[in-house]
Protein chains: 2
Amino acid sequence: MDQKDRQIVRALQRDARMTNQDLAAEVNLSPSPCLRRVRNLEKSGAIRGYAALVDEAAYGLPVTVFVRVSLARHTEEAVQQFEAAVARVDQVLECFVMTGVQDYLLRVVVADLPDYERFVRRRLHTIGGIASIDTSFVYGVVKRTSVLPVV
Amino acid sequence: MDQKDRQIVRALQRDARMTNQDLAAEVNLSPSPCLRRVRNLEKSGAIRGYAALVDEAAYGLPVTVFVRVSLARHTEEAVQQFEAAVARVDQVLECFVMTGVQDYLLRVVVADLPDYERFVRRRLHTIGGIASIDTSFVYGVVKRTSVLPVV
DNA sequence: GCCTCCATTGGCATAATATTCCAATATAGT
DNA sequence: ACTATATTGGAATATTATGCCAATGGAGGC
């Protein structure tokens, strides 16, 4: 991935639906080589896909929660089971394995507080093997971008 | 936003570059009304934009860090100053105001550990007014989706 | 310093897609 | 049941993507 690829990537992080012609103009290429670069980035996996950014509140899920989870045991089996189970839960949009005391950080979207309680009781605790759950609600968004910094 | 709009939104979260014709087929509409719905969702702000999903490692920034920040004082002025400053830092992709002891949760991407140290010393601490910083590195990704759950 | 080879590029023709308009259909309120 | 309003589907047109081929540019060898 050279500088031109990175330029293309940043442009598409800003607006994934811009036309190839506009993209080509922005990175100073003609459309053909520009499109070829994009296709190569897709094939190589550097571009994992394209996603619409949606206002969760407008969609009907205005509450975002970050949940930190610790497992009771860390056997291969317990870990695998938790990770497979959590991946199946639709409300969990992201789940990261983290350094520190807590094992996982989850980003979860729900409709309201009662909905979050239901989520914890029916979706999380039913997985089993969880030692502790630490919940933080999102009050507000200061910044939210997809565009990676220039390297 | 009705069920059809939500279907459209989920489809575009899965693949923002699918053609309007395929989208229309998926939600059982003809292309014209489907495109009109998409445009309305864009105008109303329900769709905030479209972003390419990029492999940070392939791009050259393989280290993702979640940083929790507390401010020393919570005067209107100190808060505004911090938020404006953090929004200007390119390595900070997301910054949320959170409930709990810590005030903010930041998602940061860097090249490596020395790069993270530079980031904290030159970008974060120089902002001023920060009482504490708590760092957690991302070891691995269990799940990562843009698609909101069905409501 | 020149030449050769390989990767990348630009332009053109064609195919696919988006966009706009209008008539037809469906929906909600009275 | 009737009217007003919003939404739909289809066809014509404008944009855009795509694939092919000749041309260009740059790195390494002589």
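Located above this text is the structure these notes cover.
The shown structure was predicted, so the numbers you read here are calculated from the model rather than taken from an experiment.

Participant: Even after reading the chapter, I still don't get the packing of aromatic side chains, so can you show me in this structure?
Facilitator: For any pair of aromatic rings, the description consists of the separation of the ring centres together with the inter-plane angle of the planes. Per the counting criterion, the structure on display carries nine aromatic pairs over all chains. Put simply, the rings of A:Phe66, A:Phe96, B:Phe66 and B:Phe96 touch in pairs and so form one group of aromatic residues. We note B:Arg6 situated over the ring of A:Tyr59; from NZ or CZ to the ring centre the distance is 5.8 Å. When the ring centre of A:Tyr50 is taken as origin, the NZ or CZ atom of B:Arg17, which lies over that ring, is 5.2 Å away.

Participant: Explain the protein's contact with DNA strand D to me, please; I cannot follow it from the model alone.
Facilitator: Lining the immediate environment of DNA strand D, one finds A:Thr19, A:Asn20, A:Gln21, A:Ser32, A:Leu35, A:Arg39, B:Leu29, B:Ser30, B:Ser32, B:Pro33, B:Arg36 and B:Arg37. For DNA strand D, the backbone makes up 60% of the atoms found within 4 Å of the protein, where backbone means sugar plus phosphate. With respect to DNA strand D, the backbone of A:Gln21 contributes an N or O atom lying 3.3 Å from a phosphate oxygen. Taking A:Ser32, its side chain carries an N or O atom lying 3.3 Å from a base oxygen of DNA strand D.

Participant: I'm lost on the environment of A:Val27 in this one. Help?
Facilitator: Residues and elements named next belong to chain A. Topologically, Val-27 is positioned in the loop between α2 (20-26) and α3 (31-44). Classification of Val-27 as buried rests on a relative accessible area of 1%. When residues no more than four places from it in sequence are discounted, the contact partners of Val-27 are Lys-4, Gln-7, Ile-8 and Cys-34.

Participant: What exactly am I supposed to notice about the sheet that holds strand β3 (residues 92-98) of chain B here?
Facilitator: Neighbouring strands of a sheet are bound in pairs by backbone hydrogen bonds; such pairs are parallel or else antiparallel. In spatial order, the strands read β2(A)-β4(A)-β3(A)-β5(B)-β2(B)-β4(B)-β3(B)-β5(A); together these eight strands close into a barrel with antiparallel pairing. Across the sheet, the axes of successive neighbouring strands diverge by a mean angle of 35°, strand direction being ignored. Note: strand β2 (residues 63-71) of chain B against strand β5 (residues 130-144) of chain B, seven bridges, orientation antiparallel. Note on β5(B): the bridge partner recorded for B:Ser70 is B:Ser132. Packed on one face of the sheet, helix α6 (residues 113-124) of chain A meets β2 (63-71), β3 (92-98), β4 (104-110) and β5 (130-144) of chain A and runs near 140° to β5(A).

Participant: Please explain the protein's contact with DNA strand C as it appears in this structure.
Facilitator: The immediate surroundings of DNA strand C are formed by A:Leu29, A:Ser30, A:Ser32, A:Pro33, A:Arg36, A:Arg37, B:Thr19, B:Asn20, B:Gln21, B:Ser32, B:Leu35 and B:Arg39. A distance of 2.6 Å is found between a base oxygen of DNA strand C and a side-chain nitrogen or oxygen belonging to A:Ser32. One of the side-chain nitrogen or oxygen atoms of A:Arg37 is found 3.1 Å away from a phosphate oxygen of DNA strand C. Of all the secondary-structure elements, those providing two or more residues to the surface near DNA strand C are α3 of chain A together with α2 (20-26) and α3 (31-44) of chain B. When grouped by side-chain class, the residues that make up the surface near DNA strand C number three nonpolar, six polar and three charged.

Participant: Is there a simple way to think about the relation of the copies chain B and chain A in this case?
Facilitator: The two chain copies are connected by a rotation around an axis plus a translation along it. Each copy superposes on the other: chain B lies on chain A with an RMSD of 0.0 Å after a rotation of 180° and an axial shift of 0.0 Å. The two molecules are tied by a two-fold rotation axis, judged by turn and shift. Identified as the residue of chain B closest to the rotation axis by C-alpha distance is B:Ala51, at 2.7 Å. Most of the interface of chain B is mirrored in chain A: 100% of its interface residues are interface residues there too.

Participant: Would you take a moment to explain the side chain of A:Arg107 for this structure?
Facilitator: Looking at the secondary structure, you find A:Arg107 in strand β4. For A:Arg107, the side chain forms a polar contact with the side chain of A:Glu94, separated by 2.8 Å.

Participant: What am I meant to see in the pattern of salt bridges here?
Facilitator: Pairs may arise between side chains of opposite charge once their charged atoms sit close together. For the structure shown, the criterion picks out 20 salt bridges over all chains. The salt bridge partner of A:Asp5 is A:Arg37, with a shortest N-O separation of 2.9 Å. Here A:Asp5, found in helix α1 (residues 3-14), pairs with A:Arg37, found in helix α3; they are 32 residues apart in sequence, far enough to count as distant. Residue classification places A:Arg37 among the partly exposed residues on the basis of a relative accessible area of 24%. When the shortest N-O distance is used, the salt bridge between B:Arg68 and B:Asp134 registers 2.7 Å. Of the two residues, B:Arg68 is situated in strand β2 and B:Asp134 in strand β5; the sequence distance between them amounts to 66 residues. Each of A:Glu56, A:Arg144, B:Glu94 and B:Arg107 takes part in one network of salt bridges that share partners.

Participant: What is the right way to look at the interface of chain B and chain A in this model?
Facilitator: Buried accessible area, meaning the area lost when the parts come together, often serves as the stated size of an interface. With 61 residues of chain B in contact, the opposing surface of chain A contributes 62 residues. Buried surface at the junction of chain B and chain A, summed over both partners, amounts to about 6000 Å²; 62% is from carbon and sulfur atoms. Looking only at chain B, the three residues that lose the most surface to chain A are B:Arg17, B:Tyr59 and B:Lys143, adding up to 14% of its buried area. Across the pair B:Glu94 and A:Arg144 runs a salt bridge whose closest N-O atoms are separated by 3.7 Å. Joining chain B to chain A, the criterion identifies 39 residue pairs in polar contact (both at pLDDT 80 or more). For the side of chain B that touches chain A, the elements supplying multiple residues, two or more each, are α1 (3-14), β1 (47-54), α4 (56-59), β2, α5 (76-87), β3, β4 (104-110) and β5 of chain B. In terms of residue count, β5(B) provides more of the side of chain B that touches chain A than any other element does, nine residues in total. Within the side of chain B that touches chain A, the residues separate by chemical class into 38 nonpolar, nine polar and 14 charged. Pairing analysis gives seven bridges linking strand β1 (residues 47-54) of chain A to β1(B), with the strands arranged antiparallel. Its bridge partner lying in β1(B), A:Ile47 is registered against B:Val54.

Criteria and cut-off values
- Residues numbered from 1 in each chain as written.
- Chains lettered and ligands numbered in written order.
- Predicted model: local features only at pLDDT ≥ 70, side-chain atom pairs only at ≥ 80, totals over all residues.
- Heavy atoms only, no water.
- Phe/Tyr/Trp six-rings, centres within 6.5 Å; stacked < 30°, edge-to-face > 60°.
- Lys NZ or Arg CZ within 6 Å of the ring centre and 35° of its normal.
- Near = heavy atom within 4 Å.
- Polar contact = N/O pair within 3.5 Å; in protein donor to acceptor, adjacent residues only side chain to side chain.
- Helix = DSSP H or I, 4+ residues; strand = E, 2+ residues; numbered from the N terminus.
- Buried < 20%, exposed > 50% of the residue type's maximum accessible area, 1.4 Å probe, protein only.
- Contact = heavy atoms within 4.5 Å.
- Pairing = 2+ DSSP bridges.
- Axes fitted to C-alpha atoms, helices over the stretch in contact; angles between N-to-C directions.
- Nonpolar A, V, L, I, M, F, W, Y, C, P; charged D, E, K, R; others polar.
- Least-squares fit on C-alpha atoms with pLDDT ≥ 70 in both.
- Salt bridge = Lys/Arg side-chain N within 4 Å of Asp/Glu carboxyl O.
- Buried area = accessible area lost by both parts, 1.4 Å probe.

Read these as geometric descriptors, not functional statements.
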